[in-house]
Amino acid sequence: MTPEEYKTLYPQDSVHIQVDDTERLMTDEEYEAWVAEGVYNSNHPLP
Amino acid sequence: MTYPSFTSGEVLTATDMNAVGLWLVKTQTVGTAVASVAVTDAFSSTYDNYRIIYTGGAASTSCTLSLQFGIGGTMTTTNYYGTAAYANLGAAAWQLAINNPGSQCDNVGGGNTTSAYLMTDVLMPNLAEQTSISGPYVLSDFGRFGLHSFAQLSTTQFTSFKITPSSGTITGGTIRVYGYRN
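In short, a report on the structure. (Residues numbered from 1 in each chain as written. Chains lettered and ligands numbered in written order. Predicted model: local features only at pLDDT ≥ 70, side-chain atom pairs only at ≥ 80, totals over all residues.)

### Description of the overall build of chain B
Moving on, step 1. Along the backbone of chain B there are 1 helix and 14 strands.
Moving on, step 2. Taken over the C-alpha trace, chain B has a radius of gyration of 17 Å; the compact-globule value for 182 residues is 16 Å, and the two agree within 12%.
Moving on, step 3. Seen through its principal axes, chain B has C-alpha atoms that stretch 55 × 35 × 35 Å.
Moving on, step 4. The burial tally for chain B puts 39% of its 182 residues in the buried class.
Moving on, step 5. For chain B, the share of sequence-separated contacts (at least 6 apart) that also reach a separation of at least 24 residues comes to 75%. (Helix = DSSP H or I, 4+ residues; strand = E, 2+ residues; numbered from the N terminus. Rg over C-alpha atoms; globule rule 2.2 N^0.38 Å. Buried ≥ 20, exposed ≤ 12 C-beta atoms within 10 Å, placed from the backbone. Contact = placed C-beta atoms within 7 Å.)

Written out as structure tokens, the structure reads:
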């Protein structure tokens, strides 16, 4: 999976960070970091 | 009386109530399409040890769930040591997923499009000692069945924790935190 595919699957305006009952969208920096980690984990699953 | 079996209208004495071993400390409902969920005010000096259970939700894709500890909404991101040790059914072998160290307790729980789940016992999160966790590790989508065991080596007195899927998001379900009576 590429970052572009991941972003298409999970657009920035659809993913939230939750603290207790409060949810918010990610900042650009948070979103890019989250995409990078998610892509890496998707492409490197444990055996 | 013979507790824990009570009859309707029976007076509960201090002895009875003080014998209750597990108290529900906090309940947190998980929102929709959540990349991470932090639960604050979960740990305090009232209890030394806790159990965290998350069930009833689902993940957007097959994933593992990780755990971090923190104070309020700020999580500690270093010095998590430990492993998930599991039977890999496909390989018919025991395998290890090791953090030495890691930025979080990886492979504590798991999820897929029909369910998400995590259960772990947390020892001494609010004491000025290392925090340890252990519990089952069940990830049927990947054929993994085993246990997780981690330590957070700082002596930070944590009050909160955060659950994060390895990829995608989680939606719904309830996180419950129980305190073991000291």
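### Considering the overall build of chain A
Moving on, step 1. Helix and strand content of chain A: 2 helices and 2 strands.
Moving on, step 2. The N-to-C order of helical and strand elements in chain A reads α-β-β-α.
Moving on, step 3. Along the first, second and third principal axes, the C-alpha atoms of chain A reach 35 × 20 × 15 Å.
Moving on, step 4. Buried positions account for 15% of the 47 residues belonging to chain A.

### Some remarks on the interface of chain A and chain B
Moving on, step 1. Each side of the interface is counted separately: chain A has 17 residues, and chain B has 21 residues.
Moving on, step 2. Among the elements of the structure, strand 1 (16–19) and helix 2 (28–43) of chain A are those that each provide at least two residues to the side of chain A that touches chain B.
Moving on, step 3. Sheet topology places strand 1 of chain A next to strand 2 (residues 34–39) of chain B; 4 bridges connect them, and they run parallel. The partner of A:Val19 across the bridge, within strand 2 of chain B, is B:Ala38. (Pairing = 2+ DSSP bridges.)

### A few points about the pairing of strand 1 of chain A
All names here are of chain A.
Moving on, step 1. Inspection of the sheet shows strand 1 paired to strand 2 (residues 22–25) by 4 bridges, in the antiparallel sense. Its bridge partner lying in strand 2, His-16 is registered against Leu-25.
Moving on, step 2. Between strand 1 and strand 2, which pair antiparallel and follow one another directly, the connecting turn spans 2 residues, one of which, Asp-20, has a positive phi of 55°.

### Description of the nonpolar core
General note: in soluble globular proteins, nonpolar side chains tend to be found buried as a group.
Moving on, step 1. Grouped together as the largest cluster of nonpolar side chains are 37 residues, with contacts concentrated most on B:Val39, B:Ile52, B:Tyr54, B:Leu118, B:Ile163 and B:Ile175.
Moving on, step 2. Taken together, the elements giving at least two residues each to this core come down to helix 2 of chain A together with strand 2, strand 3 (49–59), strand 4 (63–71), strand 8 (105–111), strand 9 (116–123), strand 12 (160–165) and strand 14 (174–180) of chain B.
Moving on, step 3. Looking at this core, the element that brings in the most residues is strand 2 of chain B, giving 5 residues.
Moving on, step 4. Excluding residues that lie within four positions of it along the chain, B:Val39 makes contacts with A:Asp20, B:Lys26, B:Gln28, B:Ser160, B:Phe161, B:Ile175 and B:Val177. (Core = buried A, V, L, I, M, F, W, Y, C linked by C-beta atoms within 7 Å.)

### Structural notes on the environment of B:Gly73
Moving on, step 1. Within the secondary structure, B:Gly73 is located in the loop between strand 4 and strand 5 (74–75).
Moving on, step 2. By the C-beta count within 10 Å, which is 14 here, B:Gly73 ends up partly exposed.
Moving on, step 3. Placed 36 residues apart in sequence, B:Gly73 and B:Val37 show a C-alpha to C-alpha distance of 9.7 Å.
Moving on, step 4. If near-sequence neighbours (up to four positions away) are discounted, B:Gly73 is found in contact with A:Val19, B:Ala38 and B:Thr40.

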